[in-house]
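Fold and contact review
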Amino acid sequence: MAPPMSAGSFLERLREEGVTVVEVGDWAHHNRNHKGPWGPVHGVMIHHTVTRGSERTVELCREGYAALPGPLCHGVITKDGRVHLVGYGRANHAGLGDDDVLRAVIAQKALPLDNEANTDGNRHFYGFECENLGDGEDPWPQVQLDAIEKVAAALCRHHGWTERSVIGHLEWQPGKVDPRGFSMRWLRGRVRDRLK
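To start, this report covers the structure provided alongside it.

Cut-offs used in this document
Every chain's residues receive numbers from 1 upward, in the order its sequence appears when written. The predicted origin of the model limits local features to residues at a pLDDT of at least 70 and limits the giving and counting of side-chain atom pairs to 80 or more, whereas totals for whole chains, interfaces and linings rest on all residues. Side-chain numbers here rest on the full set of heavy atoms in the structure, without hydrogens or water. Within 6.5 Å between ring centres, the rings of Phe, Tyr and Trp (the latter by its six-membered ring) count as paired, and their orientation is classed by plane angle as stacked under 30 degrees, edge-to-face over 60, tilted in between. Going along the chain from the N terminus, every DSSP run of H or I of four or more residues is numbered as a helix, and every run of E of two or more is numbered as a strand. Burial classification: accessible surface area is computed with a 1.4 Å probe over protein chains only, and a residue below 20% of its type maximum counts as buried, one above 50% as exposed, and the rest as partly exposed. By definition, two strands form a pair when at least two bridges between them are found by DSSP. Axes here refer to lines fitted to C-alpha atoms; in helices the fit is confined to the stretch in contact. Angles between the N-to-C directions go from 0 to 180 degrees. Note on definitions: a residue-residue contact is assigned when non-hydrogen atoms from the two residues lie within 4.5 Å. Nonpolar core, defined: a set of buried Ala, Val, Leu, Ile, Met, Phe, Trp, Tyr and Cys residues in which side-chain atoms within 4.5 Å join the residues together. Oblique is the label for every angle not falling under 35 degrees (roughly parallel), over 145 degrees (roughly antiparallel), or within 65 to 115 degrees (roughly perpendicular). For any helix crossing, the convention is left-handed if the near helix is rotated counterclockwise from the far helix by under a right angle, and right-handed if that rotation is clockwise. Residue type decides the class: Asp, Glu, Lys and Arg count as charged, Ala, Val, Leu, Ile, Met, Phe, Trp, Tyr, Cys and Pro as nonpolar, and the leftover types, Gly among them, as polar.

**Points about the packing of aromatic side chains**
The full count for this structure, using the stated rule, is eleven aromatic pairs. Between F10 and F128, the aromatic rings sit 6.3 Å apart at their centres with planes inclined by 25°, giving stacked as the arrangement. With a gap of 118 residues between them, F10 in helix α1 (residues 7-16) and F128 in strand β9 (residues 125-130) connect regions that are remote in the sequence. The same class applies to F10 and to F128, which are both buried. Taking 5.2 Å as the distance between ring centres and 65° as the angle between the ring planes, the aromatic pair formed by F125 and W172 counts as edge-to-face. Here the residue F125 occupies a position in strand β9, and W172 occupies one in helix α5 (residues 169-172), the gap between them amounting to 47 residues. The exposure classification of F125 matches that of W172, with both residues buried. A network of ring pairs unites the aromatic residues F10, W27, W38, Y88, Y126, F128 and W161 as a single cluster.

**Quick word on the sheet that holds strand β1 (residues 20-23)**
In spatial order, the strands read β1-β6-β5-β9-β2-β10; together these six strands make up an open sheet with mixed pairing. This sheet does not close on itself; its edge strands, each paired only once, are β1 and β10 (166-168). Direction aside, neighbouring strands of the sheet carry axes that sit 30° apart on average. Relative to β10, strand β2 (residues 43-48) is paired through three bridges, and the arrangement is parallel. Along β10, the bridge assignment pairs V44 with V166. The strands that helix α6 (residues 184-195) touches are β2 and β10; relative to β10, the one it contacts most, it runs at about 160°.

**Some words on the nonpolar core**
In terms of nonpolar packing, the biggest core is built from 36 residues, with F10, I46, Y126, F128 and I148 touching the most fellow members. Contributing elements (two or more residues each) for this core: α1, β2, β6 (82-85), β9, α4 (142-159) and α6. In terms of residue count, α4 provides more of this core than any other element does, nine residues in total. In this structure, V101, V105, I167 and W172 belong to the second largest nonpolar core, which totals eight residues.

**Considerations on the packing of α4 against α6**
Where α4 meets α6, the axes come as close as 9 Å, and the angle between the chain directions of the two elements is 60°. Taken together, the axes of α4 and α6 lie oblique to each other. Crossing angle aside, the handedness with which α4 passes α6 is right-handed. For the pair α4 and α6, the contacting residues are Q142, L145, D146, I148, E149, K150, A152, A153, C156 and R157 in the first and W186, L187, R190, V191, R194 and L195 in the second. The residue makeup of the contact of α4 with α6, split by class, is nine nonpolar, one polar and six charged.

Geometry only, nothing functional implied.
Quick look at the structure:
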């Protein structure tokens, strides 16, 4: 069981891993903790935004919208490879997902197929939204992919997790497709190599 690190430690771990960080407003205190617990944390979840334009994307992920208030993640990874911190604590990013997937993440085992949505993921995962249209055609610049790898590795390194604690939204919640444009197997391989 892993308690979430402090916001200060979160920022330090990202910078130590070589991430270019942009702090957005009072990100360290912007959260949805009044809606439920934050932690224990067990992994890192990667998403794509289905948006275009970094400024608009960061604002949307910080503020959310009428049906889903922000923050919608902890960090937004824009196409230029910068990580914009928009919240810390409980965030509206994972929603309900498969308890079998969560057990596999905790046990550091291969993920089963997600076939139900019965477990609160906002409580248990750090979440990163990555600027991309998610249509399978919008490119993923190398600098952005490098930042995704670094972010995931930084959190795994801090908590003593392996690459198996890094999952995509599509592996957590039935019907989700994000991130589209690279495979989570490929990303986990990069994280594994970085943690050596």
